[in-house]
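# Secondary and tertiary structure notes
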Amino acid sequence: MTDDGPPAPRPTNDNRPPAAALSFGDDLLMGVRFYSRLPTGNTPHRRPSLDRMALTLPLASVVIGAIPVAVLLVLEWLGTPTFFAAVIAVAALVIVTGAMSEDALADAADGLFGGATIEQRLEIMKDSRHGTYGVAAIAVFLGARIAAVGSVTSPIEAAAILLTAPMIARSGALWLPYALPPARSGGAAATAGKVGRGSLLLGFGVAAIVSLATAGFAVGIQGLVTAFALAALVAWGWTTLCRRLIGGQTGDLIGALQALLEIAALAAFMIFV
């Protein structure tokens, strides 16, 4: 999630139902549209709401991860080298998501570590160009994902962690808009709104259940507990850093936390896989 925002929504009409009338399926569709570039039909896009998406985000993440996982399994079935399959699968994930977390991580790295004041940091994060910190952050992020997926010898287990780590990360990153106010009035974070405690906790619960189904067989209960514990530690540290350096949160900082949480989950999985 970046402050440039997701792809421009399609025009809406005045006949859409009120937010209270939206169904679980509507919220699921909202999550898929917000976090990916997957085709989702021609129905009008609604204003993104992180609070509404929180509950369905784990399932939306499964939908988003289906193509990269399929690419990985097909390449492994064809007998390609494991690391080559991992590279192509991670590339497919980047394409499906529109490089949202990669771009956010780069902007956050440039802004937080390239600016001396809050104003400078926010201004740097708005710049679409990436500096040294940003490029380095993307390289490390992609390398860590490829190394994690490519080091797993079982194709099914590799697919499980490729599907599950981003799911944990997307849900976990919603902690930041819950814990901190928007740092600026505009941008994706302010537009998508604040996450309520109830929605956040329900989303975490769904993420835990879905994670057990998608990766429990590969990493076990201990692996999942370790992943969630490490993710919580990273989220706390990132929230503290954002509060000190920015005084709030932005779309870039939320997306960067998603990237960091994905690496945390992968690191935990590597211990138990």
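Please refer to the structure placed before this passage.
Residues numbered from 1 in each chain as written. Predicted model: local features only at pLDDT ≥ 70, side-chain atom pairs only at ≥ 80, totals over all residues. Heavy atoms only, no water.

In this section: the overall build of the chain. Of regular secondary structure, the chain possesses 11 helices and 0 strands. Listed by position from the N terminus, the elements making up the chain come as α-α-α-α-α-α-α-α-α-α-α. Here the chain holds 273 residues, and the buried ones make up 48% of them. Long-range contacts, defined here as pairs at least 24 residues apart, represent 78% of the contacts in the chain between residues at least 6 apart. (Helix = DSSP H or I, 4+ residues; strand = E, 2+ residues; numbered from the N terminus. Buried < 20%, exposed > 50% of the residue type's maximum accessible area, 1.4 Å probe, protein only. Contact = heavy atoms within 4.5 Å.)

The subject of this paragraph is the pattern of salt bridges. Taken as a whole, this structure holds 4 salt bridges when the rule is applied. R52 is the salt-bridge partner of D27, the closest N and O atoms lying 2.8 Å from each other. Linking D27 in helix α1 (residues 24-35) with R52 in helix α2 (residues 50-77), this pair joins segments that are 25 residues apart in sequence. On the accessibility criterion, D27 (8% relative accessible area) is buried. Owing to a relative accessible area of 22%, R52 belongs among the partly exposed residues under this scheme. Of the charged contacts in the structure, one is a salt bridge between R145 and E102, with a shortest N-O distance of 2.4 Å. A residue pair is termed long-range when its members are at least 10 positions apart, and R145 in helix α6 (residues 132-150) and E102 in helix α4 (residues 100-114) qualify at 43 residues. Here R145 falls in the buried class, since its relative accessible area comes to 3%. Judged by relative accessible area, which is 4%, E102 ranks as buried. Look at the salt bridges and you will find they share partners, linking E102, R145 and E262 into a network. (Salt bridge = Lys/Arg side-chain N within 4 Å of Asp/Glu carboxyl O.)

A cluster of nonpolar side chains, contributed by F24, L55, L59 and L202, occupies part of the molecular surface with about 330 Å² of accessible area. Its place among the elements puts L202 in helix α10 (residues 197-245). (Patch = residues over 30% accessible without salt bridge, like charges linked within 9 Å, V, L, I, M, F, W, Y side chains within 5 Å. Areas by Shrake-Rupley, 256 points an atom, 1.4 Å probe, with all protein chains shown as cover.)

Once that is clear, we can look at the packing of α4 against helix α5 (residues 118-126). For any two helices packed against each other, the geometry comes down to the angle between their axes and how far apart the axes lie. Where α4 meets α5, the closest approach of the two axes is 8 Å, and the angle between their N-to-C directions is 155°. Accordingly, the angle class assigned to the pair α4 and α5 is roughly antiparallel. You can see that α4 and α5 cross each other, and the crossing is right-handed. Along its contact with α4, which presents D107, A108, D110, G111, L112 and G114, the element α5 presents R121, I124 and M125. Taken together, the residues of the contact of α4 with α5 sort by class into 4 nonpolar, 2 polar and 3 charged. (Axes fitted to C-alpha atoms, helices over the stretch in contact; angles between N-to-C directions. Parallel < 35°, antiparallel > 145°, perpendicular 65-115°, else oblique. Left-handed = near helix turned anticlockwise from the far one by under 90°. Nonpolar A, V, L, I, M, F, W, Y, C, P; charged D, E, K, R; others polar.)

What α5 keeps buried is the set R121, L122 and M125. Down the axis of α5, the sector holding all buried residues measures 95°, keeping them to one side. Those residues of α5 that are exposed and angled more than 90 degrees off the buried face are E119 and E123. Its buried side turned inward, α5 meets α4, α10 and α11 (251-272). (Arc of directions from axis to C-beta.)

Each aromatic ring pair is described using two quantities: the centre-to-centre distance and the angle formed by the ring planes. Counted by the stated rule, this structure contains 3 aromatic pairs. Between F113 and Y133, the aromatic rings sit 6.0 Å apart at their centres with planes inclined by 50°, giving tilted as the arrangement. Separated by 20 residues along the polypeptide, F113 in helix α4 and Y133 in helix α6 bring together distant segments of the chain. Residue classification places F113 among the partly exposed residues on the basis of a relative accessible area of 46%. Here Y133 falls in the partly exposed class, since its relative accessible area comes to 47%. (Phe/Tyr/Trp six-rings, centres within 6.5 Å; stacked < 30°, edge-to-face > 60°.)

Honestly, that's just the spatial picture; any functional story needs more than this.
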